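Descriptive structure summary
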Amino acid sequence: MRRIKTWLPGFFLVLPSILLVLVFVYGLIGQNILTSLARNETTSGRVVNEGGISNYVELLASDRYQHALWNLLVMTVAFVVGTMIFGLLWAVLLEKGVKGEGFFRSVYLFPMAVSFIASGVVWRWLMSPAQGDYEAVGLNRLFLDAGLPQLQSEWWSSSSMFNMVAMAMPAIWQLAGYVMALFLAGFRGISDDQREAARMDGASELKIYRHVLFPQLSPIALSALIIMGHMSMKMFDLIYAIAGQNSYVSEVPATLMWLQLFNLRDPASAAANATILLFIVALLVIPYLVYTNRTEKSGR
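What you are looking at is a predicted structure, and each value in this text was computed from that prediction instead of being measured.

1. Here's the deal with the overall build of the protein
- Looking only at helices and strands, one finds 13 helices and 2 strands in the protein.
- The C-alpha radius of gyration computed for the protein amounts to 24 Å, which surpasses the reference 19 Å derived for 300 residues by more than 25%, pointing to a less compact arrangement than a globule.
- Principal-axis analysis of the C-alpha atoms gives the protein an extent of 80 × 80 × 30 Å.
- If you take every contact in the protein between residues at least 6 apart in sequence, the share linking residues at least 24 apart comes to 65%.
- For the protein, the exposed surface amounts to about 17600 Å²; the carbon and sulfur share of it is 68%.

Here is the structure:
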């Protein structure tokens, strides 16, 4: 009875939050899954979706969805690799305590304060596919004025793999500072005694980073990988702002979902698309949560 009296006030304190999560998170996920399995017909009686698992089979078998998944894969790889490289590089440069560190930290972190829609509008102009003396703007104009016309590109409007790599550039610009902050906090959490001990043993600065510092940053690197990976998979507003809603060459599952729901009037396919995205994100996040939980328990 004493135990019940101990945890009961706390339980009632968090009960509203529990109910909100159950209704607006898990309840809506359940409703989305039911919608994805529904039979869909037009007003004229034409069957759009047969219902059940066939909705998922048809979606996964469609060339357009496979194209969107491929674009997502290319963009995710480019985005994650870019943010990790630049974030780690900036953290290494700042962890020495350079002059004006606060200024540079602010410069690197500032893009995070800009919404994806606002930055997408700017980057749409910067990566304009227009080329030539009279039409080129943004980066293409910069290359032209610098005497490097061969570097002009169609950017996000091309049909090559570079299209999605170019689409990842604004996202890297916005979120590499966040990864930098994670790594910088990790560097600052390592005591100077370990570095001094390595130097006394004759280790160079390169070996200190390789054998002393970087191994201790592996949990932070894993966290950054998971965070950046799942953010890339859900990315919609940046791609929508740059390429628009009807860009096939830049289409990913999130933008395709918008078309399925509002343009094609196909809620079952849109819900199936959302469920597949949720499943892909869960494949990344759940093993990470299990690993983190085991690590915390073993550290106690």
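What follows picks up the thread again.
2. Quick notes on the pattern of salt bridges
- Summed over all chains, the structure comprises 7 salt bridges.
- Linked through salt bridges whose partners overlap, the residues forming this network are Glu 101, Arg 105 and Arg 188.

3. Some words on the nonpolar core
- Of all hydrophobic cores here, the largest spans 51 residues; its most connected members are Phe 79, Met 127 and Met 167.
- Membership of the second largest hydrophobic core comes to 7 residues, among which are Tyr 56, Ala 68, Ala 272 and Ile 276.

4. Describing the packing of helix H5 (residues 116-126) against helix H7 (residues 162-188)
- Their axes nearest at 10 Å, the elements H5 and H7 cross at an angle of 130°. Taken together, H5 and H7 sit at an angle that is classed as oblique. Crossing of H5 over H7 shows right-handed handedness. On H7, the residues touching Phe 116, Ser 119 and Trp 123 of H5 are Met 169, Pro 170, Trp 173, Gln 174 and Leu 175.
- When grouped by side-chain class, the residues that make up the contact of H5 with H7 number 6 nonpolar, 2 polar and no charged.

5. Quick notes on the environment of Thr 292
- Tracing the backbone shows Thr 292 in helix H13 (residues 267-299).
- On the basis of relative accessible area, Thr 292 is assigned to the partly exposed category, the value being 24%.
- Each C-alpha atom, one on Thr 292 and one on Pro 219, is 8.9 Å from the other, the two residues being 73 residues apart in sequence.

6. Observations concerning helix H9 (residues 205-213)
- Turning to H9, its buried residues number three or more, namely Ile 208, Tyr 209, Val 212 and Leu 213. Take H9 and look down its axis: the buried residues cluster within an arc of 110°, on one side only. Residues of H9 that are exposed and angled more than 90 degrees away from the buried face: Leu 206, Arg 210 and His 211.
- Against helix H3 (63-94), H7 and helix H8 (192-200) lie the buried residues of H9.

7. Examining the packing of H3 against helix H10 (residues 218-233)
- Look at H3 against H10: their axes get within 9 Å of each other, and the N-to-C directions meet at 145°. The two elements H3 and H10 cross, and the hand of that crossing is right-handed. Across the interface between the two elements, Leu 72, Met 75, Thr 76, Phe 79, Val 80, Thr 83 and Met 84 of H3 pack against Ala 221, Ala 224, Leu 225, Met 228, Gly 229, Ser 232 and Met 233 of H10.
- Residues that form the contact of H3 with H10 fall into these classes: 10 nonpolar, 4 polar and no charged.

8. Here we look at the side chain of Asn 71
- Mapped onto the elements, Asn 71 comes out in helix H3.
- Once residues lying within four places of it in the same chain are set aside, the contact partners of Asn 71 are Met 164, Tyr 248, Val 249, Ser 250, Glu 251 and Val 252.

9. Some thoughts on the side chain of Arg 195
- Within the element layout of this structure, Arg 195 appears in helix H8.
- Dropping the residues within four chain positions of it, Arg 195 is found in contact with Glu 95, Phe 187, Ile 208, Tyr 209 and Leu 213.

10. Observations concerning the packing of aromatic side chains
- Within this structure, the stated rule accounts for 15 aromatic pairs.
- Judged by centre distance (6.4 Å) and plane angle (55°), the ring pair of Phe 187 and Phe 214 falls under tilted. Pair noted here: Phe 187 is in helix H7 and Phe 214 is in the loop between H9 and H10, with a separation of 27 residues, a long-range link.
- Looking at Phe 214, the relative accessible area reads 35%, which means it is partly exposed.
- Seen from their ring centres, Trp 258 and Phe 262 are 4.6 Å apart, and the 50° between their planes marks the pair as tilted.

11. So, the confidence of the model for the protein
- Summarising the model, the protein shows a mean pLDDT of 88, and 95% of its residues fall at 70 or more.
- No element of the protein has a lower mean pLDDT than strand S2 (residues 47-49), at 64, and none a higher one than H3, at 94.

12. Here we look at the environment of Leu 109
- Secondary-structure assignment places Leu 109 in helix H4 (residues 101-109).
- Counting along the chain gives 43 residues from Leu 109 to Gln 152, while the straight-line C-alpha distance between them is 29 Å.
- Leu 109 has contacts with Gly 177, Tyr 178, Met 180 and Ala 181, leaving out every residue within four places of it along the chain.

13. Details of unusual backbone geometry
- Although it is not a glycine, Trp 155 adopts a positive phi angle of roughly 50°.
- Residue Trp 155 is classed as buried on the basis of its relative accessible area, which comes to 6%.
- Notably, Arg 265 is not glycine yet its phi reads approximately 55°, a positive angle.
- Inspection of the secondary structure assignment puts Arg 265 in the loop between helix H12 (253-263) and H13.

Criteria and cut-off values
- Residues numbered from 1 in each chain as written.
- Predicted model: local features only at pLDDT ≥ 70, side-chain atom pairs only at ≥ 80, totals over all residues.
- Heavy atoms only, no water.
- Helix = DSSP H or I, 4+ residues; strand = E, 2+ residues; numbered from the N terminus.
- Rg over C-alpha atoms; globule rule 2.2 N^0.38 Å.
- Contact = heavy atoms within 4.5 Å.
- Areas by Shrake-Rupley, 256 points an atom, 1.4 Å probe, with all protein chains shown as cover.
- Salt bridge = Lys/Arg side-chain N within 4 Å of Asp/Glu carboxyl O.
- Core = buried A, V, L, I, M, F, W, Y, C linked by side-chain atoms within 4.5 Å.
- Buried < 20%, exposed > 50% of the residue type's maximum accessible area, 1.4 Å probe, protein only.
- Axes fitted to C-alpha atoms, helices over the stretch in contact; angles between N-to-C directions.
- Parallel < 35°, antiparallel > 145°, perpendicular 65-115°, else oblique.
- Left-handed = near helix turned anticlockwise from the far one by under 90°.
- Nonpolar A, V, L, I, M, F, W, Y, C, P; charged D, E, K, R; others polar.
- Arc of directions from axis to C-beta.
- Phe/Tyr/Trp six-rings, centres within 6.5 Å; stacked < 30°, edge-to-face > 60°.
- pLDDT = per-residue confidence, 0-100.

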